[in-house]
Amino acid sequence: MSTPTPASRAPQRNSGPAPLWAQTADLIVDEIERLGLSAGGKLPAERELCATLDISRVTLRKALLHLVEQGVVTSSHGRGWFVAAAAPAREWPNNLESFSATAHRKHMRPSSIVLRNELQAASLDEAERLGVPAGTPLLRLDRVRLLNDVRIAVDRTAVPEDLADGLDAADFTTASLFEELRRHGVELDRSVATVEARSADETLAGHLQIAPGAPVLVLDQTIYTRDQRPALLTVVEYSGERYRLRTTFQPR
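It should be emphasised that the depicted structure is a prediction, and the values quoted were computed from it without experimental measurement.

K.L.:
Could you give an account of helix α2 (residues 46-53), naming the residues involved and the relevant values?
P.N.:
Glu 46, Leu 49, Cys 50 and Leu 53 are the residues of α2 that are buried. The buried residues of α2 occupy an angular sector of 100° when the element is viewed end-on, so they sit on one face. Within α2, the exposed residues directed more than 90 degrees away from the buried face are Arg 47 and Ala 51. Immediately beyond the C-terminal end of α2, within one or two residues, lies Asp 54, with a positive phi of roughly 60°.

K.L.:
So what's going on with the pattern of salt bridges? Which residues, and what values?
P.N.:
Per the counting criterion, the structure on display carries 18 salt bridges. The residue Arg 156 makes a salt bridge to Asp 142 at a minimum N-O spacing of 3.6 Å. Highlighted residues: Arg 156 in strand β5 (residues 150-160) and Asp 142 in strand β4 (residues 137-147), separated in sequence by 14 residues. On the basis of relative accessible area, Arg 156 is assigned to the partly exposed category, the value being 30%. Here Asp 155 makes a salt bridge to Arg 143, at a shortest N to O gap of 3.8 Å. Residue Asp 155 is located in strand β5, and its partner Arg 143 is located in strand β4; the two are separated by 12 residues in the primary sequence. In the salt-bridge network here, residues are joined through shared partners; they are Arg 116, Glu 118, Asp 142, Arg 156 and Glu 237.

K.L.:
Tell me about the sheet that holds strand β6 (residues 188-199), and please be specific about residues and values.
P.N.:
Sheet architecture is open: 6 strands sit in the order β3-β4-β5-β8-β7-β6, paired in antiparallel fashion. Of all the strands in the sheet, the pair left with one neighbour each is β3 (110-121) and β6. Direction aside, the axes of adjacent strands within the sheet are offset by 15° on average. Here β3 pairs with β4 via 11 bridges, running antiparallel. The residue bridging Ala 121 from the neighbouring strand is Pro 137, located in β4.

K.L.:
Give a detailed account of the nonpolar core, specifying residues and quantitative values.
P.N.:
Grouped together as the largest cluster of nonpolar side chains are 18 residues, with contacts concentrated most on Ile 28, Ile 32, Leu 43, Leu 60, Leu 64, Leu 67 and Val 73. At the level of secondary structure, the elements contributing two or more residues to this core comprise α1 (20-35), α2, α3 (57-69) and β2 (80-83). No other element matches α1, which puts 5 residues into this core. Those residues in contact with Ile 32, other than ones at most four positions away along the chain, are Leu 37, Leu 43, Val 72, Val 73 and Val 83. With 17 residues, the next largest nonpolar core counts Leu 141, Ala 175, Val 186 and Leu 232 among its residues.

Rules and cut-offs
Numbers given for residues are sequential positions, taken from 1 along each chain in its written order. With the structure being a predicted model, the display of local features is reserved for residues of pLDDT at least 70 and the display and counting of side-chain atom pairs for 80 or more, all residues being used for whole-chain, interface and lining totals. For side-chain calculations, the full set of non-hydrogen atoms in the structure is used, while hydrogens and water are omitted. Burial classes: relative accessible area under 20% of the type maximum marks a residue as buried, over 50% as exposed, and values in between as partly exposed (1.4 Å probe, protein chains only). Secondary structure elements follow DSSP: runs of H or I of four or more residues count as helices, runs of E of two or more count as strands, with numbering from the N terminus. Taking the helix axis as origin, the arc is that swept by the directions to the C-beta atoms. Salt bridges, as used here, are contacts in which a Lys or Arg side-chain nitrogen is within 4 Å of a carboxyl oxygen on Asp or Glu. Paired strands, in this sense, are two strands between which DSSP finds at least two bridges. The angle between two axes is taken between their N-to-C directions and runs from 0 to 180 degrees, where each axis is a line fitted to C-alpha atoms and a helix contributes only its stretch in contact. We call a set of buried Ala, Val, Leu, Ile, Met, Phe, Trp, Tyr and Cys residues a nonpolar core when their side-chain atoms join them within 4.5 Å. Whether two residues are in contact is decided by their heavy atoms, any of which lying within 4.5 Å being enough.

Below is the structure:
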């Protein structure tokens, strides 16, 4: 999460891979914290924000509109931009959402270390879950997922080769798999997931830079397309010290 900067110094952009508008959105959140603005507080004028953050008006507007969608700020015609009323935080989305989308919703910068990106035959279990013949080539994409350069999880995903056509050109150190699939015409609809607690073995601990035996939260999903074809198998192992799950249960 963004941390407040000293009152004497405005937030500065970093040299990371996030788009300029996304970095600007993070800087605006930092500026809100730096100025001590609470719900209803008025942000500086757009011209002042552009000068303070060293960005163009177009980039600023895109960042502000993104923050409106996230419920962080609101606008009043002719009056300017204001801090929105605080909304309850969601650590765990209740809709199908990519790691990158979750990161941006929480005003954080996602990135990845690619461990594997290759075709390999489906096992009997994978073939059954995906509804394909055993031995069908699967794109196996294994990544260490980071938020603001902190290692959060190891994500292992398998996609049938016919759905992965064209993905070999993507740079998955920054690209979102969900977005790349969408660009190639694959629309994801829902997932069936199980969550369980485990302890990290030495390999996982090394990837996450945690102690062997440390707790991890394991999310195992089968993700379906709009036409209800099983399209992705994903196992995401989250560091128990760096990720938490919170959801809401309603009485029936």
